[in-house]
Amino acid sequence: MPSSKKSIYSALIANLLIAVTKFIAGVIGRSGSMISEGIHSVVDTANELLLLLGLHRARKEPDKTHPFGYGKELYFWSFIVSIMIFGLGGGLSIYQGILHIREPQPLGDPTMSYIVLGLSVIFEGSSLIIALREFNAIRGDQTWWDAVVKSKDPSNFLVMFEDSAAVAGLFIVGICMFLNHRYHLPVLDGIASLLVGLILVGVSAILARESRSLLMGEGISSESRTKISTLVEQDNAVLKVMHMLSTYQSPDEIILMLIVAFKDDLNTEQINEAIGRIRDCIKQEFSLVRFVLVQPETFSAEITETGSVL
């Protein structure tokens, strides 16, 4: 099983195991914060299903309407997940928190809530550990944040952020519930819901930013651009790489277009042979580059700031 799917399935099972019990505990204990946690778990469960849908649809073969394939389906559904975390998770939790701050309700028997919180920490914590291990294996020597920013597969870090927010929310609810029960401060129940909502909104903003960048057509890094230019210009037929366009079609598929100035004394057959060499060389060196489009241009061609050839 791919690592991203392993973490998604573990998170899905964890959320299914605790979502219903959170709602039961919230109703029995009259805890708005616990109900907010139940909403959080339901939203997370739906998110995992949407991620699995995105991974499934991204594997569809190219056709006439989508000649480069359906890889961006994963980016689309990841963006939808970030919106759901913001609206359904964060928004409803904040709304629930404001209601309980304005009209605090006495806490009922918290025993069931403590039991559910303990089980939730175990299940969510186990899912988080799996997600952290999988992401740690992928990130290599990069820092955590650099690995998130540079990752082209949102499913690798989305579950990690979800589970981190879930565990943080559980501790907040547990602390506020204990203080509420100990010192009879029912307003803390609403404050806990509000804090959980703010955490979810913050997480959704990070995920939306990264998913949007990929969905809008994020290209390869400047380091990769430099390496490809150097590689191409080593060919004896090439004078200069005039311009380079790229986009991630999926986490493991890059579309690359090069505008290349070839030597003036080459005929059409020789240029075509050089283009073939360039394609083979790039694909051999960069395994993620699946499509290489090369457009010949004269070295004197003027390139505009937008990359158009005049």
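Everything quoted here is computed from the prediction, not taken from an experiment.

Next up on the list: helix H3 (residues 73-102). With 30 residues, H3 extends 42 Å between its outermost C-alpha atoms, agreeing within 8% with the 44 Å of an ideal straight helix rising 1.5 Å per residue. Bending of H3 peaks at approximately 25° at the position of Met 84.

A few words now on the pairing of strand E3 (residues 289-297). With eight bridges connecting them, strand E2 (residues 253-262) and E3 associate as parallel partners. Its bridge partner lying in E3, Ile 255 is registered against Phe 291. Taken together, E2, helix H9 (residues 268-285) and E3 constitute a β-α-β crossover, and its handedness is right-handed.

Pairing is mixed across the open sheet formed by three strands, whose spatial order is E1-E2-E3. Looking at the sheet topology across the chains shown, the edges are occupied by strand E1 (238-250) and E3. Pairs of neighbouring strands in the sheet enclose a mean axial angle of 15°, with direction left out of account. Bridge analysis of E1 against E2 gives ten bridges, and the strand direction is antiparallel. Bridging across to E2, Lys 240 finds its partner in Ala 261. With respect to the sheet, helix H8 (residues 222-233) is in contact with E1 and E2, its orientation differing from that of E1 by roughly 135°. Here H9 sits on the sheet in contact with E1, E2 and E3, set at roughly 150° to E3.

The next subject is the pattern of salt bridges. Scanning the model with the defined rule gives four salt bridges in all. The salt bridge partner of Arg 57 is Glu 73, with a shortest N-O separation of 3.0 Å. Of this pair, Arg 57 sits in helix H2 (residues 32-58) while Glu 73 sits in helix H3, and the two are 16 residues apart along the sequence. A relative accessible area of 15% places Glu 73 in the buried class. Ionic pairing is found between Asp 235 and Arg 277, a salt bridge with its closest N-O pair at 2.9 Å. One end of the pair, Asp 235, is in the loop between H8 and E1; the other, Arg 277, is in helix H9, with 42 residues separating them in the sequence. Asp 235 sits in the buried class, given a relative accessible area of 14%. By relative accessible area, which is 41% here, Arg 277 ends up partly exposed.

Further remarks concern the UniProt feature "transmembrane region" (unreviewed entry) in the protein chain. Per the UniProt record, "transmembrane region" (unreviewed entry) is annotated on residues 7-28, 74-99, 111-132, 157-181 and 187-208. From the first C-alpha to the last, residues 74-99 spans 36 Å; its make-up is 100% helix and 0% strand. Measuring from the first to the last C-alpha atom of residues 111-132 gives 31 Å, for a span that is 100% helix and 0% strand.

What counts, and where the lines are drawn
Residues numbered from 1 in each chain as written. Predicted model: local features only at pLDDT ≥ 70, side-chain atom pairs only at ≥ 80, totals over all residues. Heavy atoms only, no water. Helix = DSSP H or I, 4+ residues; strand = E, 2+ residues; numbered from the N terminus. Expected span 1.5 Å × (residues − 1). Bend = angle between axes of the 7 residues up to and from the residue. Pairing = 2+ DSSP bridges. Right-handed = clockwise from strand over helix to strand, strands pointing away. Axes fitted to C-alpha atoms, helices over the stretch in contact; angles between N-to-C directions. Contact = heavy atoms within 4.5 Å. Salt bridge = Lys/Arg side-chain N within 4 Å of Asp/Glu carboxyl O. Buried < 20%, exposed > 50% of the residue type's maximum accessible area, 1.4 Å probe, protein only. UniProt positions renumbered as here; feature names shortened; annotations may be inferred.

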